[in-house]
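Residue-level structural notes
Now for the letters of each chain:
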Amino acid sequence: MRAILELPVDAQLALLDLIDVLEVDPYAVSEPYGIDDKLTREASFGTSGLLVMFVNPSTMRITPLSFTWAG
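Nothing here was measured: the structure is a model prediction, and the numbers come from that model.

Observations concerning a nonpolar patch on the surface
Together, Leu39, Phe54 and Leu65 make up a nonpolar patch on the protein surface, roughly 250 Å² of accessible area in all. With respect to the helices and strands, Phe54 occurs in strand β3 (residues 49-55). You can call Phe54 partly exposed: its relative accessible area is 39%.

Written out as structure tokens, the structure reads:
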């Protein structure tokens, strides 16, 4: 959580918007990260952000692994 607070405000808002969408359907707005194992996914946020996460295909629960903001 602390790392999110260190982002610029526009990046924080974009990341939180993305998380809201991912909670509904993580596959709709993400792409495979590396090999398409249906578990490790990536999704962009804002103008220059990238979130890498695990998705549990049974529960659709997401676990963020890392995020990057290049803006």
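Moving on from the model shown.
Observations regarding the side chain of Gln12
The residue Gln12 is located in helix α2 (residues 9-24) in this model. At 3.2 Å, the side chain of Gln12 forms a polar contact with the backbone oxygen of Leu5. One polar contact links the side chain of Gln12 to the main-chain carbonyl oxygen of Leu7, over a distance of 2.8 Å. Each residue touching Gln12, except ones within four places of it in the same chain, is listed here: Ile4, Leu5 and Leu7.

Structural notes on the side chain of Thr40
Looking at the element boundaries, Thr40 is found in strand β2 (residues 40-45). Assessed through its relative accessible area of 13%, Thr40 is described here as buried. Among all residues touching Thr40, those that are not within four sequence positions of it are Glu31, Pro32, Tyr33, Val52, Met53 and Phe54.

Remarks on the nonpolar core
Core analysis: the biggest nonpolar cluster contains 14 residues, and Leu15, Leu18, Leu22, Phe45, Leu51 and Met53 have the highest contact counts within it. Of all elements in the fold, only α2, β2, β3 and β4 (62-69) reach the threshold of two or more residues within this core. The element that contributes the greatest number of residues to this core is α2, accounting for five residues. Leaving out residues up to four positions away in the same chain, Leu22 has contacts with Val29, Leu51, Met53 and Ile62.

Here's the deal with the packing of aromatic side chains
Per the counting criterion, the structure on display carries one aromatic pair. Plain terms: the ring middles of Phe45 and Trp69 are 5.7 Å apart, the flat faces sit at 25 degrees to each other, and that makes the pair stacked. Separated by 24 residues along the polypeptide, Phe45 in strand β2 and Trp69 in strand β4 bring together distant segments of the chain. Phe45 sits in the buried class, given a relative accessible area of 3%. Classification of Trp69 by relative accessible area gives buried; the value is 18%.

Conventions adopted
- Residues numbered from 1 in each chain as written.
- Predicted model: local features only at pLDDT ≥ 70, side-chain atom pairs only at ≥ 80, totals over all residues.
- Heavy atoms only, no water.
- Patch = residues over 30% accessible without salt bridge, like charges linked within 9 Å, V, L, I, M, F, W, Y side chains within 5 Å.
- Areas by Shrake-Rupley, 256 points an atom, 1.4 Å probe, with all protein chains shown as cover.
- Salt bridge = Lys/Arg side-chain N within 4 Å of Asp/Glu carboxyl O.
- Helix = DSSP H or I, 4+ residues; strand = E, 2+ residues; numbered from the N terminus.
- Buried < 20%, exposed > 50% of the residue type's maximum accessible area, 1.4 Å probe, protein only.
- Polar contact = N/O pair within 3.5 Å; in protein donor to acceptor, adjacent residues only side chain to side chain.
- Contact = heavy atoms within 4.5 Å.
- Core = buried A, V, L, I, M, F, W, Y, C linked by side-chain atoms within 4.5 Å.
- Phe/Tyr/Trp six-rings, centres within 6.5 Å; stacked < 30°, edge-to-face > 60°.

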